[in-house]
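Tertiary structure, described
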Amino acid sequence: QVQLVESGGGLVQPGGSLRLSCAASGSIFSINTMGWYRQAPGKQRELVATITSSGSTNYADSVKGRFTISRDNAKNTVYLQMSSLKPEDTAIYYCNAGVAPDSRGLYYNYWGQGTQVTVSS
């Protein structure tokens, strides 16, 4: 089994910054794409950013230029540096990863439990 544990959420004023972390642990042979998604009250979960094992990134238009995703493959950890935060960034942020438990090449999708980010004055 694999666990994804997020940390770093909290309350921040508009224009402020936060850094989220997500560490994967358990039966891990390799991890391909890791990413962050978010869900605001009354809205569907949406993609924020993803990063492949080779470092290629993809961002939602709403966060381009403000958020940066990165990963440490040795630590099985993905980060989301969020800057210039806006009230509309308020949401529960979820970590996602595709994990292979062995060398057979089968990847399974896992989610973290979520961490709350609130942007408010």
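Up top is the structure.
Remember, predicted model here, so these are calculated numbers, not experimental data. Throughout, a residue's number is its position along its own chain's written sequence, starting from 1. The predicted origin of the model limits local features to residues at a pLDDT of at least 70 and limits the giving and counting of side-chain atom pairs to 80 or more, whereas totals for whole chains, interfaces and linings rest on all residues. Here the side-chain values reflect all heavy atoms present in the structure, with hydrogen atoms and water set aside.

**Considering the side chain of T50**
Inspection of the secondary structure assignment puts T50 in strand 5 (residues 46-51). Any two residues whose heavy atoms approach within 4.5 Å are treated as being in contact. Leaving out residues up to four positions away in the same chain, T50 has contacts with T33, M34, G35, Y37, S56, T57, N58 and I69. Starting at the N terminus, helices and strands are each numbered in turn, a helix being any DSSP run of H or I of at least four residues and a strand any DSSP run of E of at least two.

**Observations concerning the sheet that holds strand 3 (residues 18-26)**
Only strands that DSSP links by at least two bridges are regarded as paired with each other. Read from one edge to the other, the open sheet built from 4 strands follows the order 1-3-8-7, with strand pairing classed as antiparallel. Strand pairing shows two members of the sheet lacking a second neighbour, strand 1 (2-7) and strand 7 (67-72), which therefore form its edges. Taking each pair of neighbouring strands and ignoring which way they run, the sheet shows an average axis angle of 15 degrees. In the sheet, strand 1 pairs with strand 3 via 6 bridges, with the strands oriented antiparallel. For V5, the partnering residue across the bridge sits in strand 3 and is A23. Note on definitions: angles span 0 to 180 degrees between N-to-C directions of axes, and those axes are lines fitted to C-alpha atoms, for helices only across the stretch in contact.

**Side note on the nonpolar core**
For this analysis, a nonpolar core means a set of buried residues of the types Ala, Val, Leu, Ile, Met, Phe, Trp, Tyr and Cys, connected via side-chain atoms within 4.5 Å. Classification of residues uses two cut-offs on accessible area relative to the type maximum, computed with a 1.4 Å probe and protein chains only: under 20% is buried, over 50% is exposed, and between them is partly exposed. Counting residues in hydrophobic clusters, the biggest one holds 31 residues, and the most contacted among them are W36, L80, M82 and Y93. Taken together, the elements giving at least two residues each to this core come down to strand 1, strand 3, strand 4 (30-39), strand 5, strand 7, strand 8 (77-82), strand 9 (91-100) and strand 11 (115-119). At 5 residues, strand 9 tops the list of elements feeding residues into this core. Residue contacts for L80: discarding those within four places in its chain leaves L18, R19, L20, W36, V48, A49, F67, T68, I69 and Y93.

**Some thoughts on the state of the cysteines**
The rule for a disulfide is simple: a pair of cysteine sulfur atoms within 2.5 Å. Throughout the structure, instances matching the rule amount to 1 disulfide. Here C22 connects covalently by a disulfide to C95, the sulfurs 2.1 Å from one another. On the S-S bond that ties C22 to C95, the torsion sits near -80 degrees, and the link is left-handed. On the criterion of sequence distance, the pair formed by C22 in strand 3 and C95 in strand 9 is long-range, its members being 73 residues apart. By relative accessible area, which is 0% here, C22 ends up buried.

**Concerning the layout of surface pockets**
Definitions used throughout: a 1 Å grid over protein atoms alone; a cavity as a set of points that fits a 1.4 Å probe which cannot get out; a pocket as an open set with protein on both sides within 12 Å along at least five of seven lines; a lining residue as one with an atom within 4 Å of a point. Grid points are joined across faces, edges and corners, and a volume is the space filled by probe spheres set on the points. Within this model, the largest pocket holds a volume of roughly 180 Å³. Taken together, 13 residues make up the lining of the largest pocket; nearest its centre are R38, A40, K43, E46 and E88. Gly is placed with the polar residues, together with every amino acid not listed as nonpolar (Ala, Val, Leu, Ile, Met, Phe, Trp, Tyr, Cys and Pro) or charged (Asp, Glu, Lys and Arg). In the lining of the largest pocket, the residues fall into 2 nonpolar, 4 polar and 7 charged.

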